[in-house]
Amino acid sequence: MSSNSPHLEDLVHPNILSYLFRKKIIELYPPQLEAIDAGITGRNLVVSIPTASGKTLIAEILALQKLLLDSNGDKGKASKKRGKVLYLCPLKALATEKYEEFKADWDSLGFRVGISTSDIDQIDYKVFNNDLIILTNEKADALLRLDPKRIAAISMVICDEIHLINDDHRGITLEFLLTRIKTANPSAQIVGLSATIQNAEELASWLQAQLITSEWRPVALKEGFYLRDEIHFQDGAVRTIPKIPGHSEVTTLAIDMIKEGGQVLVFTNSRKNTIKLADELHIPIRMITDNKEKEEFDQIQEEIAKIDSLETETAKKLHKYLKGGVAFHHAGLPRKILSFIVKQFNQRKIKVICCTPTLAAGVNTPARRVIIKTLYRYNAEKGNVLIPVIEYKQMAGRAGRPRFDPYGEVIILGSNPEKLVNDAVGYINGDPEKIFSKVGDENKLQSHILSLIVSKFADSMEQILKFLKNTFYYHQLQTGTLSDVEEALNNKNKRYTKRKSSLQKTRTQLRPTSGRGNDPLGLAADPGSFFTTASDYWEKENLLQSTKPKKTELSDNIEIKIERSLQTKIQQIINYFQENELITQIEAPHPIAVEVFEATPFGKICSQSYIPPQDGIIIKEDLLYAKVLEDYGEIELTNTSWLYLLSKLSAFRKFYLRKQDYNPIFTFIEHHSDNFIMEEVWEKTDPQFLEFAQELKLTMIMQDWISEVHEKNITERYNIGVGDIHNTIDNAQWLLRTMQQIARLDKELHFSSDLQKLNYRITHGIKESLIPLVKLKGIGRVRARKLFQAGFKTTNDILNSNIEDIAKVPLIGMTIARNIQNQLLNRPVKKKIDRKHPDKSEKLLLDKTTLEFQSQDANDKEEKHIPPKDINQDTKERKLKKNSLDRFF
Ligand SMILES: Nc1ncnc2c1ncn2[C@@H]1O[C@H](COP(=O)(O)OP(=O)(O)OP(=O)(O)O)[C@@H](O)[C@H]1O
């Protein structure tokens with residue numbers, strides 16, 4: 001470090017110095033010192049430095065400095081006057097990791113750390129009582145879009161992995177969130193932490209931030225490829241590692257590193273391959289480990305058996321491979337298992353993790369060697385395509401982390417020698433790509449514009465335009481970076497809209513509600529976004545590389561052009577919202593002669609429950625249509641009807657269809673053709689059939705879940721992971737809650753209680769008969785079924801029985817039996833005082849309790865059949881007309 005470098009003790013509060021000392025941080029890394037020197041002034045900052053270079057600590061020191069100065073040594077309770085620091089993370093798992101990291105340390109400094117990981121539509125403002133608030137980007141967006149006034153209390157925003165603004169699916173949310181904060185509270189300091197990217201300068205200039213870049217990495221990272229028994233490193237060094245006869249290259253390289261005392265991460269491109277690799281590794285690795293390590297492996301096996309029932313094939317395999325100190329890690333596994341694996345690896349009890357790139361995002365692990373099995377990823381349209389350089393760098397960066405290893409190695413593998421050399425050299429020497437705003441994606445933009453109107457953050461064309469002018473999108477349009485992409489996007493958009501609108505047309509033609517829900521953009525049923533695949537990404541990249549921004553286009557009138565095109569975009573969206581009754585125009589407050597909009601209750605529900613407006617419209621239309629069909633006696637409304645409606649929504653991730661899925665789907669259609677809320681069931685030959693079949697696969701998964709089909713059977717039947725089931729269930733709960741709210745907007749849509757019951761069943765994975773039993777604490781789906789089978793079908797049965805008899809039920813025992821009987825006997829009734837009508841308070845609560853414990857299960861009917869109503873044609877037509885006009889919402 002040069003003598004001109006600033007000294008930390010001159011920069012920061014003395015409490016920070018002792019804090020660092022306690023954390024055993026002896027000195028700061030050069031880019032850290034540079035960043036703190038710049039950030040301490042209060043200026044916005046973008047830190048784009050290599051992996052493992054300690055970005056978190058930069059943010060932590062800056063945040064502490066701000067809080068310490070704000071509080072003037074006032075420890076203890078979070079001072080109301082003190083500004084809040086918002087820490088944004090891209091993933092729940094990372095948010096939890098940061099929370100655990102900061103919580104204990106910050107308590108000792110007198111600052112409170114809080115996290116909210118509840119569902120996206122759950123309001124949890126208590127978290128704002130803390131000094132440091134850790135939220136995922138989506139959660140922060142959901143909370144602040146509902147109550148933008150809270151932005152004023154934020155004095156600093158730390159945005160981890162800010163380059164994810166580029167993410168096709170989630171980038172727009174982060175960009176809108178940052179824009180909202182910088183618009184509402186320009187004095188809040190923004191600290192963006194980024195992987196190295198090509199256009200960090202552009203990002204910094206958007207945020208009016210000082211940019212800190214560096215090539216410096218605290219631990220050397222050696223990059224190379226393995227070919228014919230040799231690792232060739234980028235510095236020309238060659239290391240010979242003869243391939244072990246009868247074993248793969250991965251096994252050879254993993255064993256080599258384990259013998260050296262290091263651990264290994266193997267990145268591959270599919271979930272199936274992570275399991276395949278773990279399978280080939282576990283025996284040879286067990287063979288080379290000593291007895292102490294073997295004992296540790298056995299212990300981990302025991303521990304995982306305690307947290308997982310090991311009933312699915314996947315869980316059994318994981319358990320088996322752990323005997324060799326090998327695990328696999330992918331998004332199909334339950335969250336608790338994923339965090340268990342990472343924890344054990346960090347404690348060096350697991351030697352190798354075979355994983356998909358999900359593990360590349362920001363985790364700190366002791367991997368001395370990272371093996372990249374392939375640089376290609378399968379794409380349905382284009383076959384195998386190369387991954388982005390930035391993704392390679394993130395995977396590579398998991399090796400050689402400070403405090404864990406003295407150095408790191410990343411080794412690329414490939415089956416074709418010529419390609420391997422070319423690709424590996426390209427990636428090792430390659431610059432990470434530029435990042436691009438995704439605000440141009442109209443489907444996603446709709447949802448965010450609606451949120452601006454709902455929260456009254458911007459409620460006129462002029463204000464929305466003004467807001468958009470603050471985005472990175474506008475900045476990139478101005479600099480010319482996005483002009484070519486925009487063109488490509490628009491062309492693609494047109495093609496897409498054409499395809500979709502033909503489908504939409506068919507649907508609306510068939511519906512008696514024709515004319516309602518008109519979708520001028522052809523977007524209503526849109527399930528996806530534009531640049532969703534790696535090949536799309538490259539297509540766009542190539543386009544950009546080949547066409548540099550034209551200087552002439554960047555002339556004065558470019559501003560006008562951009563503005564006009566934005567106005568058109570906003571106008572289209574506003575029209576779409578008005579036509580679908582998400583917003584209405586209100587009288588502009590005098591004397592401002594502009595059109596001002598206000599969200600309808602329906603628009604508010606869509607925005608506040610965080611569902612895409614087009615999904616809200618599908619729900620609304622289908623509920624309405626279900627009612628019409630029901631009145632005609634043309635539908636039998638069952639849970640299948642609602643589950644199918646859910647599976648049509650774009651917010652739901654659909655699963656891949658295999659050949660063997662088709663027969664069960666055909667059988668399902670045969671049994672349920674009278675239950676679907678649609679005009680006609682698509683035939684196999686219809687162009688829409690594929691989409692329909694995919695939706696049905698999802699419906700069937702949920703149907704199995706509420707029919708108490710075992711998780712193991714569901715995973716095998718549909719070739720999905722347990723984690724996929726849990727994600728599907730989480731999504732279904734959220735969307736069902738929204739569906740209920742939309743149904744409640746109209747009294748005639750009497751479906752709300754059916755939907756509530758269904759949500760209960762989805763939450764617990766149970767048949768209707770078990771609802772009262774799972775309401776008891778300590779009773780899940782399995783125990784409830786055991787009780788039911790033993791004749792304890794209602795809460796009354798439990799209340800009126802001998803405790804010994806209850807205890808005899810398998811999996812119950814005396815403690816649980818006593819516990820549940822006590823719950824029913826002494827169920828505490830919380831006295832909530834209704835201040836206006838104190839006498840009513842207790843009654844209300846008692847009513848609720850009584851309701852909850854009513855024997856809903858007396859009849860064990862699982863599906864509700866609503867007999868066709870006999871109404872004459874006249875009434876039918878009147879009803880239809882009434883329904884299809886403006887009575888609703
Ligand atoms: N000055 C320091 N001295 C010693 N260790 C440090 C220092 N700064 C950070 N570390 C440690 O370095 C490790 C990596 O830090 P961190 O996770 O913040 O890196 P990062 O830049 O965010 O990496 P990535 O982008 O790869 O996720 C952590 O274990 C952290 O405790």
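Please read all numbers here as calculations on a predicted model, not as lab measurements.

What counts as what
Residues numbered from 1 in each chain as written. Predicted model: local features only at pLDDT ≥ 70, side-chain atom pairs only at ≥ 80, totals over all residues. Heavy atoms only, no water. Helix = DSSP H or I, 4+ residues; strand = E, 2+ residues; numbered from the N terminus. Contact = heavy atoms within 4.5 Å. Areas by Shrake-Rupley, 256 points an atom, 1.4 Å probe, with all protein chains shown as cover. UniProt positions renumbered as here; feature names shortened; annotations may be inferred. Phe/Tyr/Trp six-rings, centres within 6.5 Å; stacked < 30°, edge-to-face > 60°. Buried < 20%, exposed > 50% of the residue type's maximum accessible area, 1.4 Å probe, protein only. Lys NZ or Arg CZ within 6 Å of the ring centre and 35° of its normal. Polar contact = N/O pair within 3.5 Å; in protein donor to acceptor, adjacent residues only side chain to side chain. Core = buried A, V, L, I, M, F, W, Y, C linked by side-chain atoms within 4.5 Å. Salt bridge = Lys/Arg side-chain N within 4 Å of Asp/Glu carboxyl O. Near = heavy atom within 4 Å. Nonpolar A, V, L, I, M, F, W, Y, C, P; charged D, E, K, R; others polar. Domains from an automatic or database assignment. Pairing = 2+ DSSP bridges. Axes fitted to C-alpha atoms, helices over the stretch in contact; angles between N-to-C directions. pLDDT = per-residue confidence, 0-100. Expected span 1.5 Å × (residues − 1).

With that out of the way, let us pick up the overall build of the protein chain. When you go through the protein chain residue by residue, the secondary structure sums to 36 helices and 20 strands. Contacts in the protein chain between residues at least 24 apart in sequence constitute 73% of all its contacts with a sequence separation of at least 6. Working note: accessible area of the protein chain is about 39600 Å², and carbon and sulfur atoms make up 51% of it.

Moving on, we get to the UniProt feature "binding site: ATP" (unreviewed entry) in the protein chain. The UniProt record annotates "binding site: ATP" (unreviewed entry) at Gln32. Structurally, Gln32 can be placed in helix 3 (residues 30–39). In contact with Gln32, not counting residues within four places along its chain, are Ser53, Gly54, Leu57 and Ile58.

Before going further, it helps to examine the packing of aromatic side chains. Per the stated rule, a full pass over the model turns up 19 aromatic pairs. Taken together, a centroid distance of 5.8 Å and an interplanar angle of 40 degrees make the contact between Phe102 and Trp106 tilted. Here Phe102 pairs with Trp106, and both are found in helix 5 (residues 92–108), just four residues apart, close to one helical turn. Comparing Phe102 with Trp106, the two get one shared label, buried. Plain terms: the ring middles of Phe668 and Phe676 are 6.3 Å apart, the flat faces sit at 45 degrees to each other, and that makes the pair tilted. Three or more aromatic residues link up through ring pairs in this structure, and these residues are Tyr644, Tyr662, Phe666, Phe668, Phe676, Phe689 and Phe692. Here Arg180 stacks its cationic end above the ring of Phe457, 5.5 Å away from the centre of that ring.

Position of Lys438 relative to the elements: it lies in the loop between helix 15 (417–429) and helix 16 (442–454). A polar contact of 2.5 Å, which involves the side chain of Lys438, links it to the backbone oxygen of Asn166.

Ranked by size, the top nonpolar core spans 123 residues in total, and within it Leu178, Leu623, Trp642, Leu646 and Ile762 carry the most contacts. Counting residues per element, this core draws most heavily on helix 26 (residues 689–706), which supplies 10 residues. Discounting chain neighbours no more than four positions away, the residues touching Leu623 are Trp642, Leu645, Met739, Ile742, Ala743, Leu749 and Phe751. By size, the runner-up hydrophobic cluster in this structure holds 107 residues, among which are Ile16, Phe225, Val363 and Tyr407.

The next subject is the pattern of salt bridges. Following the criterion strictly, the structure yields 35 salt bridges and no others. A salt bridge links Lys351 to Glu293, with the shortest nitrogen-to-oxygen separation between them at 2.8 Å. Pair noted here: Lys351 is in the loop between helix 13 (335–346) and strand 13 (352–355) and Glu293 is in helix 11 (residues 291–307), with a separation of 58 residues, a long-range link. Notably, a salt bridge pairs Glu391 with Arg377, separated by 2.1 Å at the nearest N-O pair. You can see Glu391 sitting in helix 14 (residues 389–396) and its partner Arg377 sitting in strand 15 (residues 376–379), a full 14 residues away along the chain. One salt-bridge network, held together by shared partners, links Arg239, Asp256, Glu260, Arg368, Arg369, Asp405 and Glu409.

With that out of the way, let us pick up the site of the ligand. Around the ligand, 18 residues are found, and the nearest of them are Gln32, Lys55, Thr56, Asn364 and Arg401. Between the ligand and Gly54 there is a distance of 3.1 Å, counted from an oxygen atom to a backbone nitrogen or oxygen. A distance of 2.7 Å separates an oxygen atom of the ligand from a polar side-chain atom of Thr56. Protein contacts shield 87% of the accessible area of the ligand, which totals 640 Å² for the unbound molecule. A total of three residues in the shell around the ligand trace back to one element, the largest contributor, which is helix 4 (residues 55–71). For the shell around the ligand, the class distribution of residues is six nonpolar, seven polar and five charged. Residues from two domains meet in the shell around the ligand; each of domain 1 (8–213) and domain 2 (221–429) gives at least three.

Spatially, 10-9-8-17-14-11-13-12 is the arrangement adopted by the eight strands of the open sheet, whose pairing is mixed. Looking at the sheet topology across the chains shown, the edges are occupied by strand 10 (238–240) and strand 12 (326–329). Sheet twist, expressed as the average angle between the axes of neighbouring strands with direction ignored, equals 20 degrees. In this sheet, strand 14 (residues 369–372) lies alongside strand 11 (residues 264–267) in parallel orientation, the contact comprising four bridges. Opposite Leu265, over in strand 14, you have Val370 as the bridge partner.

Covered by surrounding structure in strand 11 are Val264 and Val266 together with Leu265 and Phe267, the residues of both alternating faces. The pairing of strand 11 with strand 13 spans four bridges and is parallel. Looking at strand 13, one finds that Val266 is bridged to Cys354.

A few words on the sheet that holds strand 4 (residues 132–136). In space, the seven strands of this open sheet follow the order 3-4-2-5-6-1-7, with parallel pairing throughout. What marks the edges here is a single partner per strand, and that holds for strand 3 (113–115) and strand 7 (209–213). Strand-to-strand twist of the sheet, defined as the mean angle between neighbouring strand axes without regard to direction, takes the value 15 degrees. Alignment of strand 1 (residues 44–48) against strand 7, held across five bridges, turns out to be parallel. Following the sheet pairing, Ser48 is matched in strand 7 by Thr213.

Below, the discussion takes up the confidence of the model for the protein chain. On average, residues of the protein chain score 82 in pLDDT, and 82% of them are at 70 or above. The low-confidence segment residues 488–553 (pLDDT under 50) makes 132 contacts with residues lying over four places distant or belonging to another chain. The low-confidence segment residues 829–889, where pLDDT is below 50, has 86 contacts with residues more than four positions distant or belonging to other chains.

Considering the arrangement of structural elements, one finds Tyr625 in helix 23 (residues 613–632). Residue class for Tyr625 comes out buried when judged on its relative accessible area of 4%. Linking Tyr625 and Met678, residues 53 residues apart in sequence, is a C-alpha distance of 8.2 Å.

One non-glycine residue, Glu161, lies in positive phi territory at about 55 degrees. Its place among the elements puts Glu161 in the loop between strand 5 (154–159) and helix 7 (171–184). The backbone of Arg348 shows a phi angle near 65 degrees, a positive value even though the residue is not glycine. Mapped onto the secondary structure, Arg348 falls in the loop between helix 13 and strand 13.

Before going further, it helps to spend a moment on helix 34 (residues 813–826). Between its first and last C-alpha atoms helix 34 spans 20 Å; for 14 residues at 1.5 Å apiece the expected length is 20 Å, and the two agree. In this structure, the buried side of helix 34 is in contact with helix 31 (781–789), helix 32 (795–799) and helix 33 (803–807).

Those residues of helix 22 (residues 601–608) that fall on the buried side of the exposure criterion are Phe602, Gly603, Ile605, Cys606 and Ser607. Summarising the contacts, the buried residues of helix 22 are in contact with helix 6 (137–146), helix 16, helix 23 and helix 28 (722–744). Of the residues one or two after helix 22, Tyr610 is the one with positive phi, at around 70 degrees.

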